[in-house]
Amino acid sequence: MSPITEEIYKASAEYIASKLPADFKNVKLGIICGSGLGGLVTTIDQKTKVEFSYQDIPGFVSSTVIGHAGKLVFGHLGESRTPTVFMVGRFHFYEGHNMAQVTFPVRVMALLGVQYLIVTNACGGLQPTFKVGDLMIINDHLSLPGLVGTHPLIGPNMELFGTRFPAVSDAYTYGLRKLAFKAAFDIGISPDDIREGVYCMVSGPSFETRVEARYLASIGADVVGMSTVPEVVVARHAGIKVLGISLVTNAVINAKGKDAKLEVMRELGLTDEVETEPDTEKYIANHEEVLETSAKKSQEMQKMVARFADLLAASPV
């Protein structure tokens, strides 16, 4: 596969810009909608909406995951009528795309003038205090693919976007996180239903085993998912400030599970020891649950993001 050059990024941005009305020549806010969260585009003024199918944009690949529509949408968001570009459906590494393809739209957004990026995702809760339906503002991430060599910035550095060795210790901008919490409380989200923590990326597409879940929790992860981090790293490389919002759509099972040997010994009368581990096979994670939870929480997230856009317009970070 031929590498993606600076010229390809520029051609994509120029194609989009050439078809946008004057209202969207200065788009500063971008939003990536995670699994089942594409309804965020319903928050925009529908009369001003401009859509592009991914298949029509030079350089874009297609999204193949249920819950990811596959279109780039421009519209005015919130009472502030903030010009915003929405990526309705993202690209995942597990779909067979390489990291350059996964993050391609972020660099195009940078060329279109985006200065702030909201990245949303559906995730599994690793900590016992996290409830299904909770929102989590990301304050740091753990990239397992990135640590072992599948990093979105591998290859020749593109000076058009940023430096060879970007710092990501401040990947999730503090000021944007504060605005997100203010937005959440303004629309009535309870402090008990919104958290702040660490997002861990794994490549997927299988959900985690029980021991993998215990390991991730033990090394500092609060939630786990299969996206987000590559886009965030590339955004920060390009100087874009980032807010990350995770929706906990399922609880990740991390118990050791029933002891098959002990059960057989009990059946044969070889022991009277009592089983203490839960039957983990009664709960199996599935994508349908992810979409169902996303649908239930979509209205709340839509209101929060619209309020965030208004706060940001009034007090840029």
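Residues numbered from 1 in each chain as written. Predicted model: local features only at pLDDT ≥ 70, side-chain atom pairs only at ≥ 80, totals over all residues. Heavy atoms only, no water.

A.B. asks: Got a sec to walk through the state of the cysteines? Specific residues and values, please.
C.D. replies: In the structure shown here, the tally under the stated rule is zero disulfides. Not engaged in a disulfide, the cysteine C33 finds its nearest cysteine sulfur in C123; these two sulfurs lie 16 Å apart. The thiol of C200 is not disulfide-bonded; the next cysteine sulfur, from C123, is found 11 Å away. With a relative accessible area of 0%, C200 lands in the buried category. (Disulfide = S-S within 2.5 Å. Buried < 20%, exposed > 50% of the residue type's maximum accessible area, 1.4 Å probe, protein only.)

A.B. asks: I'd like to hear about helix α4 (residues 174–186), residue by residue, with values.
C.D. replies: End to end, α4 covers 18 Å across 13 residues, agreeing with the expected 18 Å (1.5 Å per residue, within 8%). Looking one or two residues beyond α4, the residue adopting positive phi is G188, at roughly 95°. (Helix = DSSP H or I, 4+ residues; strand = E, 2+ residues; numbered from the N terminus. Expected span 1.5 Å × (residues − 1).)

A.B. asks: Break down the pattern of salt bridges for me, with residues and values.
C.D. replies: For the coordinates displayed, the defined rule picks out 12 salt bridges. Between R236 and D170 there is a salt bridge; the shortest N-O distance is 3.4 Å. With R236 in helix α6 (residues 229–237) and D170 in the loop between α3 (144–147) and α4, the pair connects residues that are 66 residues apart, well separated along the chain. Note on R236: relative accessible area 17%, which makes it buried. Of the charged contacts, one joins E196 and R177 as a salt bridge, the two residues approaching to 2.8 Å between their closest N and O atoms. Of the two residues, E196 is situated in strand β7 (residues 194–201) and R177 in helix α4; the sequence distance between them amounts to 19 residues. Three or more residues are tied together by salt bridges with common partners; here these are K131, D134, D193 and R195. (Salt bridge = Lys/Arg side-chain N within 4 Å of Asp/Glu carboxyl O.)

A.B. asks: Which residues make up the packing of aromatic side chains, and what are the values?
C.D. replies: To describe a pair of aromatic rings, one takes the distance between the centres and the angle between the planes. Applying the stated criterion across every chain, the model contains 10 aromatic pairs. When the ring of F60 is compared with that of F91, the centres are 6.1 Å apart and the planes differ by 85°; the resulting orientation is edge-to-face. Highlighted residues: F60 in the loop between β2 (50–53) and β3 (71–77) and F91 in the loop between β4 (82–88) and α2 (99–111), separated in sequence by 31 residues. You can call F60 buried: its relative accessible area is 10%. Here F91 falls in the buried class, since its relative accessible area comes to 1%. (Phe/Tyr/Trp six-rings, centres within 6.5 Å; stacked < 30°, edge-to-face > 60°.)

A.B. asks: Quick one: what's the story with the packing of helix α1 (residues 6–18) against α2, residue by residue and with numbers?
C.D. replies: Following both chains from N to C, one finds α1 and α2 inclined at 55°, their axes separated by 9 Å at the closest point. It follows that α1 is oblique to α2 by the angle criterion. The hand of the α1/α2 crossing is right-handed. Residues I8, Y9, K10, S12, A13 and I16 of α1 form the contact with α2, whose own contacting residues are A100, F104, R107, V108 and L111. For the contact of α1 with α2, the per-class residue count stands at eight nonpolar, one polar and two charged. (Axes fitted to C-alpha atoms, helices over the stretch in contact; angles between N-to-C directions. Parallel < 35°, antiparallel > 145°, perpendicular 65-115°, else oblique. Left-handed = near helix turned anticlockwise from the far one by under 90°. Contact = heavy atoms within 4.5 Å. Nonpolar A, V, L, I, M, F, W, Y, C, P; charged D, E, K, R; others polar.)

A.B. asks: Summarise the nonpolar core; cite the residues concerned and give the values.
C.D. replies: Ranked by size, the top nonpolar core spans 48 residues in total, and within it I16, L72 and F74 carry the most contacts. Among residues more than four places away in sequence, those in contact with L72 are I16, V50, E51, F52, Y54, I57, F60, V85, F86 and M87. Counting 33 residues, the second largest nonpolar core, distinct from the first, contains F86, V88, I194 and I245. (Core = buried A, V, L, I, M, F, W, Y, C linked by side-chain atoms within 4.5 Å.)

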